[in-house]
Amino acid sequence: MTAATVGLRRFLTERPPQPERCELCAVVVPEDHRHMVDTEKRALVCVCTACAVLMERPGAAAGRFRAVPARYLTDPGHRLDERAWEALRIPVGVAFFFRNAALDRLVALYPSPAGATESELEPDTWTEVLGDSPLAALLEPDVEALLLRRTDGQIECHLVPIDVCYELVGRMRLLWQGFDGGAEARAALDAFFADVLRRARPLDEAERP
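Residues numbered from 1 in each chain as written. Predicted model: local features only at pLDDT ≥ 70, side-chain atom pairs only at ≥ 80, totals over all residues. Heavy atoms only, no water.

1. Here's the deal with the environment of A108
Item 1. Here A108 shows up in strand β6 (residues 105-112).
Item 2. Spatially, the C-alpha atoms of A108 and W126 are 9.7 Å apart, while their sequence positions differ by 18 residues.
Item 3. Those residues within four positions of A108 in sequence are excluded, and the remaining contacts are F96, F97, T117, E118, S119 and L121. (Helix = DSSP H or I, 4+ residues; strand = E, 2+ residues; numbered from the N terminus. Contact = heavy atoms within 4.5 Å.)

What follows is the structure, encoded as structure tokens:
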């Protein structure tokens, strides 16, 4: 076997996947590891439990890192109609909204073949469509989002951790085919929202602002 053949085999051989590591201390983290939001870089970071606890202490890193909560909430009493969805001017059937503390404004994103795509959202539109929702009042800046989906004339609205929204974006980008995403992407979307519904807890009276 020649040296050239050995070199070629090195590129053709599938490499084993690299384990995920904490982005603060580089220790290997499990699949269900914690996430924090780096508010300075406006990015999610994977962290180990020890670093998460450290960064949650008052004054740690001057408040740069914020832990992503694990709560899922839904409000069965709040309804959105087709008129409300059209006002949001979202070109697909799924979108999520979060308040960016550094920009001091609401950010509206939706999944697309190119990843997370931002949609311009006027403050008045936000107030008109979602401003009276108790979930909107409970939304923690940077780390939680309102996740909306329109199907068959009905619109779901859930308060979820921000990292699961980006997980959905990544999944859709990987599976998207053709103009409307394709059957595989739609099946993955159904499974994703079924899991959100399973996790979501109805908002009780004590939690309403």
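2. Focus on the pattern of salt bridges
Once the charged atoms of two side chains with opposite charge are near each other, the side chains can pair.
Item 1. Inspection of every chain in the model, using the stated rule, returns twelve salt bridges.
Item 2. Note that R66 is salt-bridged to E140, the shortest N-O span being 3.5 Å. With a gap of 74 residues between them, R66 in strand β3 (residues 65-67) and E140 in the loop between α5 (134-138) and β8 (144-151) connect regions that are remote in the sequence.
Item 3. The partly exposed category is assigned to R66, whose relative accessible area is 26%.
Item 4. Put simply, R198 and D195 hold a salt bridge, and the shortest N to O gap is 2.6 Å. (Salt bridge = Lys/Arg side-chain N within 4 Å of Asp/Glu carboxyl O. Buried < 20%, exposed > 50% of the residue type's maximum accessible area, 1.4 Å probe, protein only.)

3. A short note on the nonpolar core
Item 1. In this structure, F96, L147 and L168 are the most contacted members of the largest nonpolar core, which totals 26 residues.
Item 2. Sorting the residues of this core by element identifies β5 (94-100), β6, β8, α6 (162-175) and α7 (182-199) as the ones contributing at least two each.
Item 3. With seven residues, the top contributor of residues to this core is α6.
Item 4. Counting residues in hydrophobic clusters, the runner-up holds 25 residues, among them A84, W85, L121 and L159. (Core = buried A, V, L, I, M, F, W, Y, C linked by side-chain atoms within 4.5 Å.)

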